[in-house]
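Architecture at a glance
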Amino acid sequence: MDREKARKILGEEATEEQITNLLNSWHLDENAKVKELEEQINSLTATANKYSDYDEIKKQLDEINKANMSEQEKLEAQKKEIENNLKQSRIIVNTAKAKEILAGLDLDDELISLVVSDDADKTISSANKLKAKFDSQKENVAKETKESLINIDLTPSISNVNQNEGMTLDKFGNMSAEEQIKWMNENPNGLDNLN
């Protein structure tokens with residue numbers, strides 16, 4: 001505020017002393033307000049500095065947590081890889097066991113892999129069941145083959161032998177009537193050739 005404004009506020013009849021007192025009073029109030037505002041600014045600046053340190057510390061903590069998290073993620077990935085390798089090694093060992101059980105059955109690796117798992121007991125059980133099934137099938141085939149060979153008629157058929165060969169009139173005469181009729185049906189021109 002300047003003197004002219006003070007004169008307008010106090011009126012035209014105001015003295016210089018009154019104007020000076022008003023201006024001094026106004027400047028003191030303004031200085032007090034400025035001082036109070038400076039204190040508030042200093043307080044806010046201190047608080048802001050305090051929080052800026054907090055933000056920096058929080059940022060560092062977040063980076064540490066992130067580094068730890070990535071370490072944990074690395075450990076998890078390694079753990080999964082180890083579990084996978086262990087499973088694969090179990091499958092390899094169980095494949096060898098299954099091949100030992102199924103040796104001699106002429107099975108390829110693809111068929112053997114059908115009974116193999118990472119569980120050794122399950123693999124051995126499946127391989128033994130498959131071997132038992134093959135053995136049972138083999139026994140059944142051998143039994144059926146043997147029975148069919150036992151029951152086969154080994155008497156030669158006479159169809160490819162000349163029926164007149166060795167037949168004489170005397171032999172024909174010694175045959176029964178039924179045999180003679182049968183022979184004549186089988187050899188319609190046979191009587192002409194008899195000796």
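Further up the page is the structure itself.
Residues numbered from 1 in each chain as written. Predicted model: local features only at pLDDT ≥ 70, side-chain atom pairs only at ≥ 80, totals over all residues. Heavy atoms only, no water.

**A look at the overall build of the chain**
Going by this rule: Secondary structure elements follow DSSP: runs of H or I no shorter than four residues count as helices, runs of E no shorter than two count as strands, and numbering proceeds from the N terminus. Only C-alpha atoms enter the radius of gyration, while the globule expectation follows 2.2 Å times N to the 0.38, with N the number of residues.
Assigned secondary structure in the chain consists of 7 helices and 0 strands. Each helix and strand of the chain, ordered N terminal to C terminal, gives the series α-α-α-α-α-α-α. Its C-alpha atoms give the chain a radius of gyration of 60 Å, more than 25% over the compact-globule value 16 Å for 195 residues. Taken over the C-alpha atoms alone, the chain extends approximately 190 × 40 × 20 Å along its principal axes.

**Examining unusual backbone geometry**
The following threshold applies: Note on classification: 1.4 Å probe, protein chains only; a residue is buried when its accessible area is under 20% of the maximum for its type, exposed when over 50%, partly exposed between these limits.
Residues other than glycine seldom take positive phi values, yet aspartate 106 does so here, at roughly 55 degrees. With respect to the helices and strands, the residue aspartate 106 is situated in the loop between α2 (16-101) and α3 (109-113). Using a relative accessible area of 76% as the deciding quantity, one classes aspartate 106 as exposed.

**Let's talk about the pattern of salt bridges**
Going by this rule: Put simply, a salt bridge is a Lys or Arg side-chain nitrogen that is within 4 Å of an Asp or Glu carboxyl oxygen.
Going through the model one piece at a time under the given rule, you end up with 5 salt bridges. As a salt-bridge pair, aspartate 109 and lysine 99 come within 3.0 Å of each other at their nearest N and O atoms. On the criterion of sequence distance, the pair formed by aspartate 109 in helix α3 and lysine 99 in helix α2 is long-range, its members being 10 residues apart. With a relative accessible area of 51%, aspartate 109 lands in the exposed category. The class of lysine 99 is partly exposed, set by a relative accessible area of 34%.

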